[in-house]
Amino acid sequence: MTDVLLVTCSALPDGEPSHEVLDAALVDRQINARWVCWDDPDVDWSSGLVAVRSTWDYEARVEEFLAWARRVPRLMNGAAVFAWNTDKAYLVELADAGLAVVPTIVVGRAEDLPDAIGSFDEAVVKPQVGAGGRGVSIGSATGPGPWVVQPLVDSVRTEGESSVFVLGGEPLSMVRKLPAGDEIRVQEQYGGTTVAIVPTSEATGLARRTVEVAEQILGTRLDYARVDLMRRADGVLALSELEVTEPGLYLSELPANGHAFADLVVRLLAEG
Ligand SMILES: Nc1ncnc2c1ncn2[C@@H]1O[C@H](COP(=O)(O)OP(=O)(O)O)[C@@H](O)[C@H]1O
Ligand SMILES: [Mg+2]
């Protein structure tokens, strides 16, 4: 019997980094959990609640990933949320709704790239559908479009990027991530470091508002979210990414996230 399927990718068959924390938290709550790959044809997706966790290989196969999500009956956050969130154009929508966001221009055609890049002193170009920092570059595109173009937020090198985890609508924990050397990408695979910090009210306030605005746009509750924040040159703390598809839980730095996620699973299973 399976209560919850935890969904990963073939590169991480046992689950996200430090998955043991989440596994133990689920066992403690008498929940039967199993890690499965989203593209495994032999999984019965109707056998329980389905929680996407570490499907970090879909960006080149996003249509296939979304088609899979639409076939899953009890998917946390759900396929419509994933379709919206895997396209970084959602940042423009959130800015238009009044949230502080890192300025973002969506560029579909290569001939429009120079103008967009030229509109900032220093620009960051990245794929419109991307993950794990792949294809993020300074000043020019490294891969095929469509792209999004943003100003390079300098404070990423000093203050870093922070992430607030919001589970069941409540901000509950925070990490601060810093890049290494000349990198701007804070992810571990580029040498970045992550530390747990006490959540600040400035960050949790923005995280809560971000989730509320996204819920209004989407017309649905968000079971889980990671809200990534950077301080803009104008001093305003701003949204750099809202992750409501496959946010890593940073279980080594924040083991409490494993317990909170397990509690959320218990609540959703009780709701049926
Ligand atoms: N405009 C920017 N200014 C400074 N750093 C950025 C900017 N955009 C991205 N980065 C850096 O690159 C990383 C990856 O970019 P991100 O937008 O989060 O894409 P992904 O979806 O691949 O995680 C960020 O975590 C941050 O460290
Ligand atoms: Mg990111």
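From a predicted model like this one, the values you see are computed outputs, not experimental measurements. (Residues numbered from 1 in each chain as written. Chains lettered and ligands numbered in written order. Predicted model: local features only at pLDDT ≥ 70, side-chain atom pairs only at ≥ 80, totals over all residues.)

With respect to the sheet that holds strand β7 (residues 147-151)
Here's step 1: Across the sheet, four strands lie side by side as β4-β7-β5-β6; this open sheet has antiparallel pairing. Here the strands that pair on one side only, and so sit at the sheet edges, are β4 (105-107) and β6 (137-138). (Pairing = 2+ DSSP bridges. Helix = DSSP H or I, 4+ residues; strand = E, 2+ residues; numbered from the N terminus.)

A short note on the nonpolar core
Here's step 1: Membership of the largest hydrophobic core comes to 56 residues, with the highest contact counts inside it found for Leu22, Ala51, Val166, Ala225, Val227 and Leu239.
Here's step 2: Among the elements that take part in this core, strand β11 (residues 224-231) stands out by supplying five residues, more than any other.
Here's step 3: Viewed by domain, this core spans two of them, domain 1 (4-77) and domain 2 (87-102 + 153-244), each represented by three or more residues.
Here's step 4: By size, the runner-up hydrophobic cluster in this structure holds eight residues, among which are Ile117, Val124, Val125 and Trp147. (Core = buried A, V, L, I, M, F, W, Y, C linked by C-beta atoms within 7 Å. Buried ≥ 20, exposed ≤ 12 C-beta atoms within 10 Å, placed from the backbone. Domains from an automatic or database assignment.)

A look at the site of ligand 1
Here's step 1: Val124, Gly133, Gln150, Val153 and Val186 are the nearest of the 19 residues found near ligand 1.
Here's step 2: Contributions of two or more residues to the shell around ligand 1 are made by β5 (123-127) and β12 (237-243).
Here's step 3: Of the residues in the shell around ligand 1, the class split is 10 nonpolar, five polar and four charged.
Here's step 4: Viewed by domain, the shell around ligand 1 spans two of them, domain 2 (87-102 + 153-244) and domain 3 (103-152), each represented by three or more residues. (Near = placed C-beta within 6 Å. Nonpolar A, V, L, I, M, F, W, Y, C, P; charged D, E, K, R; others polar.)

Thoughts on the packing of helix α1 (residues 19-28) against helix α7 (residues 255-271)
Here's step 1: Running from N to C, α1 and α7 point in directions that differ by 40°, and their axes come no closer than 8 Å. As judged from the angle between their axes, α1 and α7 are oblique. Between α1 and α7 lies a crossing whose hand is right-handed. Here α1 contributes Val21, Leu22, Ala25 and Leu26 to the contact with α7, which in turn contributes Pro255, Gly258, His259, Phe261, Ala262 and Val265.
Here's step 2: When grouped by side-chain class, the residues that make up the contact of α1 with α7 number eight nonpolar, two polar and no charged. (Axes fitted to C-alpha atoms, helices over the stretch in contact; angles between N-to-C directions. Parallel < 35°, antiparallel > 145°, perpendicular 65-115°, else oblique. Left-handed = near helix turned anticlockwise from the far one by under 90°. Contact = placed C-beta atoms within 7 Å.)

Describing unusual backbone geometry
Here's step 1: At the junction of Gly145 and Pro146, the peptide bond is cis and its omega measures out at -5° in the coordinates.
Here's step 2: Along the chain, Pro146 turns up in the loop between β6 and β7.
Here's step 3: The backbone of Asn77 shows a phi angle near 65°, a positive value even though the residue is not glycine.
Here's step 4: The phi torsion at Tyr250 lies on the positive side, around 50°, for a residue other than glycine.

Examining α7
Here's step 1: Relative to the 24 Å expected for 17 residues at 1.5 Å per residue, α7 spans 25 Å between its end C-alpha atoms, a close match to the ideal helical length.
Here's step 2: For α7, the set of buried residues is Asn257, Gly258, Ala260, Phe261, Ala262 and Val265.
Here's step 3: Summarising the contacts, the buried residues of α7 are in contact with β1 (4-8), α1, β3 (49-54), β8 (161-167) and β9 (170-178). (Expected span 1.5 Å × (residues − 1).)

Thoughts on the sheet that holds β11
Here's step 1: One open sheet holds the five strands; their spatial order is β10-β9-β8-β11-β12, and the pairing between them is antiparallel. At either margin of the open sheet sits one strand with a lone partner, and together these are β10 (193-197) and β12. Averaged over all neighbouring strand pairs, the angle between strand axes comes to 30°, with direction disregarded.
Here's step 2: The pairing of β9 with β10 spans five bridges and is classified as antiparallel. Paired with Met174 across the two strands is Ile197, which belongs to β10.
Here's step 3: Sitting on the sheet, α7 is in contact with β8, β9 and β11, with an inclination near 30° to β8.

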